[in-house]
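So the chains spell out like this:
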Amino acid sequence: MIPFNRPFLSGREIEYIRQAHQLGQLAGNGKFTSECQHWLEHKTGCIKSLLTHSCTAALEMCAILAGIAPGDEVIMPSFTFVSTANAFVLRGGVPVFVDIRPDTLNLDEARIEAAITPRTRAIVAVHYAGVSCDMDAIMDIARRHDLLVIEDAAQGLMSTHKGRALGSIGHLGTLSFHETKNVISGEGGALLINSADFVERAEIIWEKGTNRSRFFRGDVDKYNWIDVGSSYLPGEITAAFLLAQLEQAEPLTAKRQHCWQLYHDLLEPLEAAGVLRRPVVPGDCGHNAHLYYVLLAPLFSRRAVLKQLDDHGITAVFHYVPLHSSPAGRRFARSHGTLATTDDLSERLVRLPLWIGLEEQQQRFVVKVLGEALHVL
Ligand SMILES: *Cc1c(COP(=O)(O)O)cnc(C)c1O
């Protein structure tokens, strides 16, 4: 049996949780939270990071920081996870879906400008598979139209665009440490702040709308309800687990890249035979091998291919049902222009098993069965 995913454990998670237990602070914003945040700031170059209990929570914080009010529009792809849209809908915002590029499956920067209206407030750049959007073009459009850029870098820890960490390029960025991502804490996430204007308010929103962070630093002599906010911070047990993972981020990324590259090499003949297309990584992106997908040629039934893999004990999976065609997407959002690429590619995409410990023979077997399903091996 070859599962789709198997969470990686660094080995020190329990030791760090034991340390948190001994320190006696189990609520959030303690020693381990602070160490994780320093690690993220050092690694990504963001001004300030705040751990959250999920990437969803970090996106909700972005919507508050962006001042999204009812009717405000936020441009984003439809080919993304629900939280990218939900975070803004919760504040009355309207997601405006724009089609994706056929090569990277990321927001098509050439279609953004036509979707801008007087109500547009922000652009959300989702880095699918840890492969970067064209951030130069997106930042340039945002500058000219005075919009905020939020990077949904849920899948992008350890990926770069022109040498800069994903999540550190837009005004705000978000990361996920959900069990399915590269670096995990079960559920978990982080907000990356790249514009000094947001730092103070972000800490307040994070700590239930209070200035408790400033109080703990000794900047103020009592803490107060200052603004809207919620409880967005994880407890120290989660942060302790996460620190053990972050410390291994480099070697574990290298191991994933090794698996990714092996698939890429083994699948080359299938691409040459015209039965599938392999992922495209632009030259200015250093990617983290978050996932390996193939796009089946239009004549194949994806359902039949997945079934054949499953019959051989291989779990391969599709990905997003585009948000514009989901019930809530129709109710809360609108689309700008055709989403033909989103509709087409989302129906042909298959993600292959990729996890640390996956063996070369197993990968060869996956490719063999896939080739048989596509009648070329
Ligand atoms: C995983 C993911 C999220 C949500 O992350 P959580 O930590 O589970 O909230 C959001 N956006 C994208 C693109 C994701 O892949």
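Residues numbered from 1 in each chain as written. Predicted model: local features only at pLDDT ≥ 70, side-chain atom pairs only at ≥ 80, totals over all residues. Heavy atoms only, no water.

Student: I'd like to hear about the site of the ligand, residue by residue, with values.
Tutor: Taken together, 15 residues form the shell around the ligand, and within it T56, D152, Q155, S176 and K181 come nearest. Within the side chain of D152, an N or O atom sits 2.8 Å from a nitrogen atom of the ligand. Taken atom by atom, the bulk of the ligand overlaps the largest pocket. The residue makeup of the shell around the ligand, split by class, is five nonpolar, eight polar and two charged. (Near = heavy atom within 4 Å. Polar contact = N/O pair within 3.5 Å; in protein donor to acceptor, adjacent residues only side chain to side chain. 1 Å grid on protein atoms, 1.4 Å probe; cavity = no way out; pocket = protein on both sides within 12 Å on 5 of 7 lines; lining within 4 Å. Sits in = over half its atoms within 2 Å of the grid points. Nonpolar A, V, L, I, M, F, W, Y, C, P; charged D, E, K, R; others polar.)

Student: Account for the nonpolar core, naming residues and giving values.
Tutor: In terms of nonpolar packing, the biggest core is built from 45 residues, with L40, I123, L157, F177 and L246 touching the most fellow members. Of all elements in the fold, only α1 (13-23), α2 (31-44), β3 (94-98), β4 (120-126), α5 (135-145), β9 (189-193), α8 (236-246) and α9 (249-266) reach the threshold of two or more residues within this core. For this core, the element with the highest residue contribution is α8, accounting for six residues. The residues contacting L157, other than those within four sequence positions of it, are W39, L40, L175, F177, V183, L246 and N288. In this structure, A63, I64, I68 and L323 belong to the second largest nonpolar core, which totals 36 residues. (Core = buried A, V, L, I, M, F, W, Y, C linked by side-chain atoms within 4.5 Å. Buried < 20%, exposed > 50% of the residue type's maximum accessible area, 1.4 Å probe, protein only. Helix = DSSP H or I, 4+ residues; strand = E, 2+ residues; numbered from the N terminus. Contact = heavy atoms within 4.5 Å.)

Student: Describe the sheet that holds strand β12 (residues 292-296), and please don't skip the residues or the numbers.
Tutor: Read from one edge of the open sheet, three strands run β10-β12-β14, paired in antiparallel fashion. The open sheet has two edge strands, β10 (276-277) and β14 (349-352), and neither has a second partner. Two strands pair when backbone bridges link them, and β10 and β12 are joined in this way by two bridges, in the antiparallel orientation. By the bridge assignment, R277 is partnered in β12 with L295. (Pairing = 2+ DSSP bridges.)

Student: Explain the layout of surface pockets residue by residue, including any values.
Tutor: As a volume, the largest pocket reaches approximately 540 Å³. Looking at the largest pocket, it is lined by 29 residues, and the ones nearest its centre are F81, Q155, H178, T180 and K181. Put simply, the parts of the chain that give the lining of the largest pocket at least two residues each are α3 (55-65), α4 (82-89) and β14. Per element, the largest residue contribution to the lining of the largest pocket is three residues, and it comes from α3. In the lining of the largest pocket, the residues fall into 11 nonpolar, 13 polar and five charged. (Points joined across faces, edges and corners; volume = space filled by probe spheres on them.)

Student: Kindly report on the pattern of salt bridges, identifying the contributing residues and their values.
Tutor: Applying the stated criterion across every chain, the model contains 25 salt bridges. A salt bridge links K31 to E35; the shortest N-O distance between them is 3.2 Å. Residue K31 and its partner E35 are both found in helix α2; the two are separated by four residues, about one turn of the helix. In this structure, D72 and R121 form a salt bridge, with 3.5 Å as the shortest nitrogen-oxygen distance. Taken together, the positions of D72 in the loop between α3 and β2 (73-77) and R121 in strand β4 put the pair 49 residues apart, joining distant regions of the chain. One connected set of salt bridges, linked through shared partners, spans E200, E203, R214, R217 and D219. (Salt bridge = Lys/Arg side-chain N within 4 Å of Asp/Glu carboxyl O.)

Student: Kindly report on unusual backbone geometry, identifying the contributing residues and their values.
Tutor: The residue L105 is not glycine, and still its phi comes out positive at about 70°. Following the sequence through the fold, L105 ends up in the loop between β3 and β4. Taking relative accessible area as the criterion, L105 reaches 2% and is therefore assigned buried. Even without being a glycine, K162 presents a positive backbone phi close to 50°. Turning to its location among the elements, K162 is positioned in the loop between β6 (160-161) and β7 (164-165).

Student: Can you lay out the pairing of β9 for me, pointing to particular residues and giving the numbers?
Tutor: Burial of β9 is extensive: five of the five residues sit out of reach of the surface. On β9, burial covers both faces: G189, L191 and I193 on one face and A190 and L192 on the other are all buried. Bridge count between strand β1 (residues 48-52) and β9: five bridges; the pairing is antiparallel. Its bridge partner being in β9, T52 is matched across the sheet by G189. Here five bridges tie strand β8 (residues 172-176) to β9, and the two strands are oriented antiparallel to one another. Looking at β9, one finds that G173 is bridged to L192.

Student: Give me a nonpolar patch on the surface: which residues, what numbers.
Tutor: A surface patch of nonpolar side chains, amounting to about 310 Å² of accessible area, comprises F215, F216 and Y223. Looking at where Y223 falls in the secondary structure, it is placed in the loop between α7 (212-217) and α8. Given the relative accessible area of 39%, Y223 is considered partly exposed. (Patch = residues over 30% accessible without salt bridge, like charges linked within 9 Å, V, L, I, M, F, W, Y side chains within 5 Å. Areas by Shrake-Rupley, 256 points an atom, 1.4 Å probe, with all protein chains shown as cover.)

Student: How would you explain the domain arrangement of the protein if you had to name every residue and give the values?
Tutor: When the parts of a complex come together, some accessible area is lost, and that lost area is often taken as the interface size. Looking at the assigned domains, one finds that the protein contains domain 1 (13-246) and domain 2 (249-373). The partner domain 2 presents 38 residues to the 46 residues of domain 1 that form the contact. Of the roughly 3,500 Å² buried at the junction of domain 1 and domain 2 (both faces included), carbon and sulfur atoms supply 58%. Counting across the domain 1 and domain 2 interface gives two salt bridges. With a shortest N-O distance of 2.5 Å, K43 and E250 are connected by a salt bridge. One can count 25 residue pairs in polar contact (both at pLDDT 80 or more) joining domain 1 with domain 2. Elements with a contribution of two residues or more to the side of domain 1 that touches domain 2: α2, α4, β3, β6 and α8. With five residues, β3 is the largest single contributor of residues to the side of domain 1 that touches domain 2. Looking at the side of domain 1 that touches domain 2 residue by residue, the classes come out as 23 nonpolar, 15 polar and eight charged. (Domains from an automatic or database assignment. Buried area = accessible area lost by both parts, 1.4 Å probe.)

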